[in-house]
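Here is what each chain is made of, one letter per residue.
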Amino acid sequence: MYSDFLSPFKRHFPWMVPGFVVANIVLFVITMYENNCPQTSATGCLGAKFLGRFSFLPLKDNPLLGPSSPALDKMGALTVAKVVTQHQVWRLLTCIWLHGGVFHVLANMLSLLFIGIRLEQEFGFVRIGFLYVLSGFGGSLTSALFIQEGISVGASGALFGLLGAMLSELFTNWTIYANKLAALLTLIVIISINLAVGILPKVDNFAHIGGFVSGFLLGFVLLIRPQFGWISQKKAPPGYMINCVKSKHKPYQYVFWVISLILLIAGYTVGLILLLRGGNLNNHCSWCRYLSCVPTPWWNCKAQQLYCQVTDVNTLLFPSFCSLVMFFYGYVVHTRPKQAM
């Protein structure tokens, strides 16, 4: 019984997150096969002699070592014009499984392994699976409402959703964790740095923001924990007297759950309606464009073809930050749960 009190939550075997990683890599290989650079590129290909139709576009066309925009578009990249005019809403989901290059897919999959495996161990494949997919959808929807040109691919919105869910999970389960302030400050710093990197050019920061907000709200809905007192009641031996009957959840957890669910449903519904009607939120928010790119003397923010939701600058930073996050999340937050009084 004492060991159950110290570790009352079931640990799940993580198989879904590695499966997602395999699926993303397989789809990237299929995209490269479909790209068939030697037949479609007039400017030559990298590694054509050894890789054949799997060879990469020249670095000046795609510095991430990957396929062309038409190949990504054919595989299901987010193209706002096709979502609006042809009602191909499925692109909001398919784009999160596609990547713009070798660097892009490897960095995102390393990030997914760092974050996703720990979360799947804690909460199981069903909740983390829904969290990942719905956060990615929210990121794609936000991106489509603000960035109307070019294409967008990548799992970054879903990854930021996992970060957002880690933050809300800490809030909603606040009373059961020790060292909560250290974990909270660490998460806030890591999230702020990654979102700040998104103001660089060629980075689809709207996908990051939309995925983060979606994941933050979903964390209140999907990652809610029962009280330790309620668990101890369930595990008490027959005839054991319990002085104070505990409810499964605290009132504030129910409040967070209801408010977050309402905001999620309303946000997804209104966003889809606006998108399918051809809405552009930049027309209603003149300053919002600076959330994705801030012009400086060193670069400009003119419209351009977007290959990825995370560019080569951010992908190099994200895995190292993720490893730091998971160190604190796994070893500072979860190693010492507070005992029920």
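As annotated in an unreviewed UniProt entry, the protein carries the name RHOMBOID-like protein 1 and comes from Citrus sinensis.

## Concerning the overall build of the protein
In terms of regular secondary structure, the protein is built from 15 helices and zero strands. Considering the protein as a whole, with its 341 residues, one finds that 51% of them fall into the buried category. Carbon and sulfur atoms make up 70% of the accessible area of the protein, which amounts to about 16,100 Å² in all.

## Thoughts on helix 2 (residues 16-35)
Relative to the 28 Å expected for 20 residues at 1.5 Å per residue, helix 2 spans 28 Å between its end C-alpha atoms, a close match to the ideal helical length. If you check which residues of helix 2 are buried, you get M16, V17, F20, V21, N24, F28, T31, M32 and N35. In a view along the axis of helix 2, the buried residues occupy a sector of 160°, so they form one face of it. Just downstream of helix 2, N36 is the residue with a positive phi angle, here 50°.

## Comments concerning the state of the cysteines
Inspection of the entire model under this criterion finds two disulfides. Disulfide pairing is shown between C37 and C45; the S-S distance is 2.0 Å. The sign of the S-S torsion, about -100°, decides the handedness of the disulfide formed by C37 and C45: left-handed. Classification of C45 by relative accessible area gives partly exposed; the value is 22%. In this model, C285 is linked to C288 through a disulfide, with the two sulfur atoms separated by 1.9 Å. The S-S bond linking C285 to C288 shows a torsion near 80°; that makes this disulfide right-handed.

## Observations regarding the pattern of salt bridges
Overall, the coordinates contain six salt bridges when judged by the stated rule. Among the salt bridges present, the one from E122 reaches R11, with a minimum N-O distance of 2.5 Å. Of this pair, E122 sits in helix 8 (residues 102-123) while R11 is found in the loop between helix 1 (2-6) and helix 2, placing the two residues 111 residues apart along the sequence. Overall, E122 belongs to the buried group, its relative accessible area being 7%. Note on R11: relative accessible area 44%, which makes it partly exposed. Between R91 and D73 there is a salt bridge whose closest N-O contact spans 3.4 Å.

## Section: the confidence of the model for the protein
Across the protein, the average pLDDT comes to 80, with 79% of residues at 70 or higher. A low-confidence stretch, residues 1-7 (pLDDT under 50), is modelled with nine contacts involving residues beyond four sequence positions or located in other chains. Across residues 310-341, confidence stays below pLDDT 50; counting only partners more than four residues off in sequence or on other chains, it has 83 contacts.

## Some points on the side chain of E120
Among the secondary structure elements, E120 is positioned in helix 8. Reaching out from E120, the side chain makes a polar contact with the backbone nitrogen of M16 at a distance of 2.9 Å. Those residues within four positions of E120 in sequence are excluded, and the remaining contacts are H12, F13, P14, W15, M16, V17, P18, F125 and I128.

About the criteria used
Position numbers for residues start from 1 in each chain and track the written sequence from start to end. Residue-level local features of this predicted model are given only where pLDDT is at least 70; pairs of side-chain atoms are given and counted only at 80 or more, and the full residue set underlies all totals for whole chains, interfaces and linings. Side-chain numbers here rest on the full set of heavy atoms in the structure, without hydrogens or water. Only DSSP runs of H or I reaching four residues or more are called helices, and only runs of E reaching two or more are called strands; each is numbered from the N terminus. The buried label goes to any residue with under 20% of its type's maximum accessible area, the exposed label to any with over 50%, and the partly exposed label to all in between, with areas taken from a 1.4 Å probe on protein chains only. Per-residue accessibility takes into account occlusion by the displayed protein chains alone, with areas from the Shrake-Rupley method and a 1.4 Å probe. By definition here, a helix of n residues has an expected span of 1.5 Å times n minus one. What the arc measures is the spread of directions leading from the helix axis to the C-beta atoms. Count a disulfide wherever a pair of cysteine sulfur atoms falls within 2.5 Å. Here a salt bridge means any side-chain nitrogen of Lys or Arg lying within 4 Å of a carboxyl oxygen belonging to Asp or Glu. Every residue gets a pLDDT, meaning the predictor's confidence in that residue, from 0 to 100. Whether two residues are in contact is decided by their heavy atoms, any of which lying within 4.5 Å being enough. Pairs of N or O atoms are called polar contacts if they sit within 3.5 Å, as long as, within protein, a hydrogen donor faces a hydrogen acceptor (for residues adjacent in sequence, only side-chain-to-side-chain pairs).

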